[in-house]
Amino acid sequence: MTAETFAAEPAATRTPPRPGMVWIEGGDFRMGSDRHYAEEAPARRVSVDGFWIDAEPVTNRRFAEFVDATGWTTFAELPPDPNDYPGALPEMLRAASLVFTPTKGPVDLRACFSWWSFQAGADWRHPTGPDSSIDGLDDHPVVHVAWRDVEAYAAWAGLDLPTEAEWEFAAKGGLDEAEFAWGDELEPEGRHMANVWQGRFPWENLALDGFVRTSPVGSYPPNGYGLHDMIGNVWEWTKDWWSATRPVAADKPCCGARNPRGGREEDSYDPAQPLIRIPRKVLKGGSHLCAPSYCRRYRPAARHAEPIDTSTSHVGFRCVQRA
């Protein structure tokens, strides 16, 4: 089928490339926000072409199928190469991943390593440390996956990772000007719409929505496109390199960019770590650790930088296929 005949085919008759994918027709929308964090600005009109996207984040069950079929070893299960981390302490050069642990009381919210620890033996099969398991968590999103892991999964599945623009367009669910993926209130009429933190972060998790950490995919209402967990539960990898501000096409002041992409790889490095040159990708969607008192990134426009060598207990992904 050519691109032209595909575009002409009614969406209802299109066959998903894999079960559980939803066709997004594409169109123009307002990307970004001028009302929150500086890295979300400037808000501007852009457009994306149509694409298929997973209705839910990739689960432990689906990731296990990939590992069983390929024998893949995730980044968190491999000891780091000392040459990539000059000056690193020996205890950091172990197979490990970042795990969130609540503090015992209020702490300085600028000191993130008060609640993050680099735990040897933490990986996708052991989400909270070496003594944990994913028994009973088959339908939870897979976590502790670094960029090389999600790329490998997507290649195995014959899919790709979404661009930041594709992801944000899909997350909005057709509500172009709304603050959240479901409207302008975080909890309309007291209803929990996403798995985010309730209480005082990072020590008081009231779990009013019933979940302390990740939740089974599909536990919350879908957005207008039938997509679950675009907001909260886990952050999701996108294909774009991080940039502190998002470029605007200066040569097209009259109209928005089509299928815009992020910054350049060489500009994505963390300026706070000049000796460790690890490029960063854009994460989207927020997670179960996003709290009104700390991280208001449970919105489609929100974004965060993630080094490609980093895996954590609150980052997962979903895939797309373009027409």
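Note: the structure precedes this text.
The notes below deal with the structure included here.

### Examining the overall build of the protein chain
Here's step 1: Counting its secondary structure elements, the protein chain contains four helices and twelve strands.
Here's step 2: Taken over the C-alpha trace, the protein chain has a radius of gyration of 19 Å; the compact-globule value for 323 residues is 20 Å, and the two agree within 12%.
Here's step 3: Across the 323 residues in the protein chain, those meeting the buried criterion constitute 50%.
Here's step 4: Computed over 33 positive and 47 negative side-chain charges, the inter-centroid distance for the protein chain is 3 Å.

### Observations regarding the pattern of salt bridges
Here's step 1: Counted according to the given criterion, the structure contains 25 salt bridges.
Here's step 2: The partner of Glu 164 in a salt bridge is Arg 303, with the nearest N and O atoms 2.7 Å apart. Of the two residues, Glu 164 sits in helix H4 (residues 164–172) while Arg 303 sits in the loop between strand E9 (280–284) and strand E10 (304–307), which places them 139 residues apart along the sequence. As far as the burial class goes, Glu 164 and Arg 303 line up, both buried.
Here's step 3: A salt bridge links Glu 236 to Arg 318, with the nearest nitrogen and oxygen atoms 2.8 Å apart.

### Focus on the sheet that holds strand E8 (residues 257–258)
Within a beta sheet, neighbouring strands are joined by backbone hydrogen bonds and run either parallel or antiparallel to one another.
Here's step 1: Strands sit in the order E2-E3-E8 across an open sheet of three strands; the sheet is mixed. In this open sheet, the two strands that pair with only one neighbour each are strand E2 (27–31) and E8.
Here's step 2: Across five bridges, E2 lies against strand E3 (residues 44–48) in antiparallel orientation. Its bridge partner lying in E3, Gly 27 is registered against Val 48.
Here's step 3: In the packing of H4 onto the sheet, the strands contacted are E2 and E3, and the crossing angle to E2 comes to about 95°.

Rules behind the numbers
- Along every chain, residues carry numbers that run from 1 in the direction the sequence is written.
- Restriction of local features to residues with pLDDT of at least 70 applies here, the model being predicted, together with a cutoff of 80 or more for giving and counting side-chain atom pairs; totals for whole chains, interfaces and linings are based on all residues.
- The basis for every side-chain value is the complete set of non-hydrogen atoms in the structure, without hydrogens or water.
- Only DSSP runs of H or I with at least four residues qualify as helices, and only runs of E with at least two residues qualify as strands; both kinds are numbered from the N terminus onward.
- Both definitions apply: the radius of gyration is a C-alpha atom measure, and the globule rule equals 2.2 Å times residues to the power 0.38.
- Using a 1.4 Å probe on the protein chains alone, a residue whose accessible area is under 20% of its type maximum counts as buried, one over 50% counts as exposed, and one in between counts as partly exposed.
- All tallies of charge rest on Lys and Arg as positive and Asp and Glu as negative; His and the ends of each chain are not included.
- Here the site of a charge means NZ on Lys, CZ on Arg, CG on Asp, or CD on Glu.
- One speaks of a salt bridge when a side-chain nitrogen belonging to Lys or Arg is within 4 Å of a carboxyl oxygen belonging to Asp or Glu.
- Two strands make a pair as long as DSSP finds a minimum of two bridges between them.
- Contact criterion: two residues are considered in contact whenever any of their non-hydrogen atoms come within 4.5 Å of each other.
- Note on geometry: axes are lines fitted to C-alpha atoms, helical ones only across the stretch in contact, with angles between N-to-C directions running from 0 to 180 degrees.

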